[in-house]
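For reference, the chains in residue letters:
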Amino acid sequence: MKNSFQRFVLFLVGGGLILPFIIVGGVSINPASNINFPPKGLTLDWYMQLLGESQWLIPMWNSTKIALVAAIIATSIAVTANYYLWHQKSAFAKMVVSVGVAPFLLPPVILALGASIFWAYTGLYGNILATMISHGVFFAPLPMVVVARGFAELSQEVIEASETLGSTGWKTFKTVIFPLVMPYVVTGFALVMIISFNEYLISNMVSGFIVETLPIKIFNNIRNGYSPMLAAASIGFVVITFGVLFVVSRFTDLLELFGGRR
């Protein structure tokens, strides 16, 4: 009886999560220019228009560039901080990593406001570089936590064996440590890319509408009226997210990386 109730609850939760995607997906393939669900026909015209108009391609390219650079910055911070913590094993090292995780403890609007003031003071407000750096710094806690699991599983015996064979310092990190934590680095990189690509608040407050990302473009169009093309763009977010996770899952065990067990 208990198992049946648990399955029923999981079914309701899963259905509630999937239903919005079904509705938006149905609207995105509707031939009419208004919102209809269930769709009165099937068409991919809205997707073709989405991929064929420069007013949508430019925001897509901006979001892609920002996501890639932000992921590189965030994972670089994560690997450096975790290596320092693993290597030093001191109270100061733990404090450094704790400071790195601190941004996730604050409301995003506070972080975005602080970044907006900072970049305005430096004269880079509205520059795509400011958005890239802001995303990379603010989302660094995600790969920092994931990469920490990789360093926690490092075997000291392997490191000692490497050093016995004459590999020390940078060579040990490059040939032994980094390959062992690589799956965690790739996962952290993918997570930052996904979140950065979907981020609206920080992008808006750091660059306004000067650097138009895909989330900003969608929001601006919603203000002027909803069309099936917006539904197609939303489904595009879902496809990109699942696509990145699928690629990562081919190289790593996502469930295990997030602390789960099969």
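Residues numbered from 1 in each chain as written. Predicted model: local features only at pLDDT ≥ 70, side-chain atom pairs only at ≥ 80, totals over all residues. Heavy atoms only, no water.

## Quick word on the nonpolar core
To be explicit about the condition: Residues grouped as a nonpolar core are buried Ala, Val, Leu, Ile, Met, Phe, Trp, Tyr and Cys residues, joined through side-chain atoms within 4.5 Å. To sort residues, take the accessible area from a 1.4 Å probe on protein chains only and compare it with the maximum for the residue type: under 20% means buried, over 50% means exposed, and anything in between is partly exposed. A run of H or I in DSSP counts as a helix once it spans at least four residues, and a run of E counts as a strand once it spans at least two, with each numbered from the N terminus. Between two residues, a contact is recorded if the distance between any of their heavy atoms is within 4.5 Å.
Grouped together as the largest cluster of nonpolar side chains are 28 residues, with contacts concentrated most on Leu50, Trp56, Leu214 and Ile218. Among the elements of the structure, helix 2 (45-52), helix 3 (54-88), helix 5 (108-122), helix 6 (128-138), helix 9 (170-198), helix 10 (201-207), helix 11 (214-223) and helix 12 (228-249) are those that each provide at least two residues to this core. Not counting the four nearest positions on each side in its chain, Ile218 is found in contact with Trp56, Leu230, Ala233 and Phe237. Listed in part, the 12 residues of the second largest apolar core include Trp86, Phe151, Val181 and Val185.

## Focus on the packing of aromatic side chains
Using the following cut-off: Side-chain rings of Phe, Tyr and Trp (the six-membered ring for Trp) are treated as a pair once their centres are within 6.5 Å; stacked means planes under 30 degrees apart, edge-to-face means over 60, and tilted covers the remaining angles.
Enumeration according to the criterion identifies 2 aromatic pairs in this entry. Ring centres of Phe118 and Trp119 lie 4.9 Å apart, and the angle between their planes is 75°; on these two criteria the pair is classed as edge-to-face. Using a relative accessible area of 46% as the deciding quantity, one classes Phe118 as partly exposed. Between Tyr200 and Phe219, the aromatic rings sit 5.0 Å apart at their centres with planes inclined by 45°, giving tilted as the arrangement. Of this pair, Tyr200 sits in the loop between helix 9 and helix 10 while Phe219 sits in helix 11; the two residues are 19 residues apart in sequence, bridging distant segments of the chain.

## Some thoughts on the confidence of the model for the protein chain
This is how it is decided: Per-residue confidence from the predictor is reported as pLDDT, a score between 0 and 100.
Overall, the prediction assigns the protein chain a mean pLDDT of 76, with 79% of residues at 70 or greater. Ranking the elements of the protein chain by mean pLDDT puts helix 13 (residues 254-257) last with 58 and helix 6 first with 87.

## Looking at the environment of Ser196
Turning to its location among the elements, Ser196 is positioned in helix 9. Here the alpha-carbon distance between Ser196 and Thr131, two residues 65 residues apart in the chain, equals 9.8 Å. What Ser196 contacts, discounting residues up to four positions off in sequence, is Ile66, Ala67, Ala70, His135 and Phe139.

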